[in-house]
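Breakdown of the fold
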Amino acid sequence: MRVGTTVSRTVQLVVAVLPSDQYSRGAEQAVLANDPNLFFRTGLENICASLAGQLVDAGSTTRWSSTSPDPAIADFVHVLIGIEKARDTMPLTILQGHFQAAKAAGLSASDALKSTFALACLAPSVAGIGQ
Amino acid sequence: MTMDASRRELLIRTLFGAGMLGLRSLATGIPLSILADPRRALGAGSATACPPNAAAQYILFSSSGDGDPVNANVPGAYAMTGIAHPTDPTMAPTSLMLAGKQYTAAAPWALLPQAMLDRTCFFHHGTYTNDHSDLSEVMRLQGFVLQRDMLVSMIAAQLAGCLGTVQSEPLALGPRSSSESLTAQGRPQPILSPAALAGVLSPPAGPLGQIQQIRDADLDRLNAWFKQNGSSAQRDFLDRYATSQQQARSISQSLLNTLANITDNSPNSQVAAAVVLFRMNVSPVISIHIPFGGDNHTDPSLATEAKQTVSGVAAIGNLWTQLNAAGLQDRVTFAMMNVFGRTLSAARNTNGRDHQGDHHVTVLIGKPFKGGVVGGLEPTNSDYRAMSIDSSSGAAVAAGAGDIPFSDTLAALGKTLAAGCGVDRGFVDQDIRRGKLVAGALA
């Protein structure tokens, strides 16, 4: 997915309600929005779910495929969540476990990997990242 | 994107860089400050401990940076000749009763239910600015709220514990521009639109929504793992992040379905969404924007003023209907305060009005308030300004002889609203450094 890609209406609506960083009159440093409140949490979950559909099993140029779940999940941990290989055991276990649990709950492999992406996308190190 | 792209590049391109989802747009609102540089983050909210309090009110707060001409057509503005009013028949001067006392106002106000009028207070005061961009300063009572917080944010923080709300910050549903946005302890708050609420709050549709509980449990495990090695600031963030998840799961599906039926951002939709959010117990204060004529410098025959006063008062009447339907008529106070009023003199205001920081009328409607008029107006130079006020009766006092001088009338309005809505009076005097409570405005 590249800059200029059109995202879903849901994502556009959610992004529109997130507060902007801004400068407050007379303050030398920016005021940064830093509250993971109700709207942030639910909004981010909907963004992640929507983007999962555009990044997992999304046609011939898809970023990740459910036919190769292990490399995808490793990418989620190392690249998305940002955990180095030296200490990736626990997050890998959690994400792989989620993928299996999702399939056991009746989801297809594709939907299970999308849910795993959404889980990684909601990880605090992603939710807390900024510019 | 190559497989060896850096994490930062991936995040920017996939999560933060896509189309309308520009980096700045999404990065804003993300709690980067805690993890990236806690020293730059402002202090966390400071909701006070507060026992359940039957006097505590939710507040629906309408504000406008346009400076709408509310002050021209309400009780108190007909007490003297020489003030311009729209000539449209729908705005004819009409008698109405407020808690047993007769006043004159534009006809739309007289159409409100008597039970509502009996708890409607028209508070005349100054805002001391003629600049549209100063709405945030007016919301801070021109700097007289402790730590330069906004009045509504201070009230929300004080009442959140009493009401048991999900959050202690006010919610902004109606702002039309950044100048109408809210901050709480300096932190900008989301600007929500009624039509977007269901999309924001509802769980993901389809299979991903079906296994939300499994994902929540696994996210809890991830959070716990992060927490093991986190700094104190990161652990604090993780606690708040976990709390936000609990809040999200406590939302009633039936109320979400009600929100889903709201398809536009009109004043009536703002009112409808606000009532649902009060029923969800999300926040003590929700701000909306009900137009009452706007920035009407050029308004032939004051026709726009007339039209929007009719529709604006109707929206307030609709609020009463909806609050009664929800059983919240005694729990929600409506307040309408704008950046300034408009000039009034009939000698120069028949086809539009200019900014008037010396006179504005805040409308307070709620169980804690007694129907009537607080303060009034007097001629000054080529127009009018708010008079000083007697704090015990609320009566206007000429020539600045009241114990609330003109310069303190805005702070007095703030104290009266806060105390009326259940904020401890000791806190009120501590948190608002000027003015006096107007006892005569309270029921």
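Residues numbered from 1 in each chain as written. Chains lettered and ligands numbered in written order. Predicted model: local features only at pLDDT ≥ 70, side-chain atom pairs only at ≥ 80, totals over all residues.

1. Observations regarding the packing of helix α2 (residues 38-55) of chain A against helix α5 (residues 109-121) of chain A
Residue and element names in this part refer to chain A. Applied cut-off: Axis definition: a line fitted to C-alpha atoms, over the contacting stretch in the case of helices. Angles run 0 to 180 degrees between N-to-C directions. For the purposes of this entry, the term helix denotes a DSSP run of H or I that reaches at least four residues, the term strand denotes a run of E that reaches at least two, and both are numbered from the N terminus. Should an angle fall under 35 degrees it is called roughly parallel, over 145 degrees roughly antiparallel, and 65 to 115 degrees roughly perpendicular, with every other angle called oblique. We call a crossing left-handed when the near helix sits turned anticlockwise from the far one by less than a right angle, and right-handed when that turn is clockwise. Two residues qualify as a contact pair if the distance between their C-beta atoms, derived from the backbone, is within 7 Å.
At their nearest, the axes of α2 and α5 sit 8 Å apart, and the two run at 135 degrees to each other. When the axis of α2 is compared with that of α5, the two are oblique. As for the relative orientation of α2 and α5, their crossing is right-handed in sense. Contacts between α2 and α5 involve Glu45, Cys48, Ala49, Leu51, Ala52, Gly53 and Leu55 from the first element and Lys114, Phe117, Ala118 and Cys121 from the second.

2. Structural notes on the packing of helix α4 (residues 89-104) of chain A against helix α10 (residues 212-228) of chain B
Running from N to C, α4(A) and α10(B) point in directions that differ by 175 degrees, and their axes come no closer than 10 Å. With respect to each other, α4(A) and α10(B) are oriented roughly antiparallel. For the pair formed by α4(A) and α10(B), the contact residues are A:Met90, A:Pro91, A:Ile94, A:Gly97, A:His98, A:Ala101 and A:Ala102 on the first element and B:Ile214, B:Arg215, B:Asp218, B:Arg221, B:Leu222 and B:Trp225 on the second.

3. Description of unusual backbone geometry
Residue and element names in this part refer to chain B. We apply this condition: Exposure in this text rests on C-beta crowding, where 20 or more other C-beta atoms within 10 Å of a residue's own make it buried, 12 or fewer make it exposed, and counts in between make it partly exposed. The C-beta atoms are placed from the backbone.
Here the phi dihedral of glutamine 142 falls at roughly 55 degrees; this positive angle occurs in a residue that is not glycine. By the element assignment, glutamine 142 lies in the loop between α6 (135-139) and α7 (151-163). On the basis of neighbour counts, which here come to 19 C-beta atoms within 10 Å, the residue glutamine 142 falls in the partly exposed class.

4. A word on the sheet that holds strand β5 (residues 171-172) of chain B
Residues and elements named next belong to chain B. Rule in force here: By definition, two strands form a pair when at least two bridges between them are found by DSSP.
Spatial ordering of the open sheet is given by β5-β8-β1-β9-β12-β4-β13, a layout of 7 strands whose pairing is mixed. A strand with exactly one partner marks an edge of an open sheet, and here the two such strands are β5 and β13 (372-374). Relative to strand β12 (residues 360-365), strand β9 (residues 332-336) runs antiparallel, the two being bridged by 3 bridges. Bridge pairing links methionine 336 to valine 363 in β12. Sitting on the sheet, helix α15 (residues 409-420) touches β4 (120-125), β9 and β12, and the angle it makes with β4 is about 155 degrees.

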